[in-house]
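For reference, the chains in residue letters:
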Amino acid sequence: QVQLVESGGGLVQPGGSLRLSCAASGSLFSIYAMGWYRQAPGKQRELVATVTSGVGSTNYADSVKDRFTISRDNARKAVYLQMNSLKPEDTAVYYCNADLKPAGRARNIYWGQGTQVTVSS
């Protein structure tokens, strides 16, 4: 069974940094795009950043450009989100997302369980 497991969330002061990690486990055949989304209380889930397979093209929400950096390690089946200059409005549950094809199963979108990021003094 395929799972995405996130880690690295926590409480940080405004202006601080955090690094989120997400690793895929299970019998995987191919991993395509990977990304991070977030959902703040009372708001819809929104895209934060994505990275494609192959050349690793990236895409960011305007609100995090120049502050967040997404990267991936294909050998480790992992995706990372380096978050710098954090603001209180970055507070949310962050979800890892991957477009992947498990062995013997159809290609599909998978989600992690979420990790809380709180930016507060």
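What you see is a predicted model; the values in this text were computed from it and never measured.

Cut-offs applied
- Residues numbered from 1 in each chain as written.
- Predicted model: local features only at pLDDT ≥ 70, side-chain atom pairs only at ≥ 80, totals over all residues.
- Heavy atoms only, no water.
- Buried < 20%, exposed > 50% of the residue type's maximum accessible area, 1.4 Å probe, protein only.
- Helix = DSSP H or I, 4+ residues; strand = E, 2+ residues; numbered from the N terminus.
- Pairing = 2+ DSSP bridges.

J.: What is the right way to look at the pairing of strand E8 (residues 78-83) in this model?
T.: Regular strands place side chains that alternate from one sheet face to the opposite one. With 5 of its 6 residues buried, E8 lies for the most part within the structure. Pairing analysis gives 6 bridges linking strand E3 (residues 18-25) to E8, with the strands arranged antiparallel. Counterpart to Leu20 in the pairing with E8 is Leu81. Two successive antiparallel strands, strand E7 (residues 68-73) and E8, enclose a turn made up of 4 residues, where Lys77 displays a positive phi of approximately 55°.

J.: Even after reading the chapter, I still don't get unusual backbone geometry, so can you show me in this structure?
T.: A negative phi angle is the norm for most residues apart from glycine, just as the trans form is the norm for most peptide bonds. Positive phi is not limited to glycine here, since Asp66 has a value of about 70°. Despite not being glycine, Lys77 shows a phi value in the positive range, around 55°. Inspection of the secondary structure puts Lys77 in the loop between E7 and E8. By relative accessible area, which is 30% here, Lys77 ends up partly exposed.

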